[in-house]
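# Residue-level structure breakdown
Below are the chains, spelled out letter by letter.
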Amino acid sequence: MRVSWDDYFMEITRVVATRSTCLRRQVGAILVKDRHIIATGYNGAPRGLAHCDEVGCLRTQQGVASGERHELCRALHAEQNAIIQAAVSGVSIEGSTLYVNVFPCSLCAKMLINSRIERIVYQADYPDQLSHSLLQEAGIELIQHTSVQSEI
């Protein structure tokens, strides 16, 4: 049986997340427009800098809870990296769908709103009520996806 578009893109998001160098959470994101992938991103340190799997996690060392003190993390979020990849390539993401395996935080939500994303398909929720509120207020369609995992 042929999988749906959402199943297809969510499976690709799962594979993108395997590139993550975060010690706490592996996140992958893809931006899709007209059923074509226009950018991908995973959470990891900025280009050319040491990754957390090499130098350790400052947030873990300081006992910072999930969803708090994002500024202490040396990594960019998957959504941020996808937006940046599109910008560097000169590709508009206006009107696109974000597929991501973890619901965006409020920092990413604000970027996605200003990028004019129309739809977010996510798998796992994230404890950031502000993010949910902002995205709903902006009228972005939010879909929690129940995964159909393959044996890749």
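It should be noted that the structure appears before, not after, this text.
Notes on the structure follow. (Residues numbered from 1 in each chain as written. Predicted model: local features only at pLDDT ≥ 70, side-chain atom pairs only at ≥ 80, totals over all residues. Heavy atoms only, no water.)

For strand β1 (residues 28-33), the tally of buried residues reaches 5 of 6 residues, placing the bulk of the element in the interior. Pairing between β1 and strand β2 (residues 36-42): 6 bridges, direction antiparallel. Residue pairing in the sheet places I30 in a bridge with T40 of β2. Counting the residues between successive antiparallel strands, the hairpin from β1 to β2 contains 2 residues, one of them, D34, with a positive phi of roughly 55°. Judged from the 4 bridges that link them, β1 and strand β3 (residues 97-102) form a sheet pairing that is antiparallel. When the bridges of β3 are listed, L31 appears paired with L98. (Buried < 20%, exposed > 50% of the residue type's maximum accessible area, 1.4 Å probe, protein only. Helix = DSSP H or I, 4+ residues; strand = E, 2+ residues; numbered from the N terminus. Pairing = 2+ DSSP bridges.)

So, on to the sheet that holds β2. With mixed pairing, 5 strands are arranged side by side in an open sheet as β2-β1-β3-β4-β5. Here the strands that pair on one side only, and so sit at the sheet edges, are β2 and β5 (141-144). The mean inter-strand angle of the sheet, taken between neighbouring strand axes irrespective of direction, is 20°. With respect to the sheet, helix α4 (residues 78-89) is in contact with β1, β2 and β3, its orientation differing from that of β2 by roughly 130°. (Axes fitted to C-alpha atoms, helices over the stretch in contact; angles between N-to-C directions. Contact = heavy atoms within 4.5 Å.)

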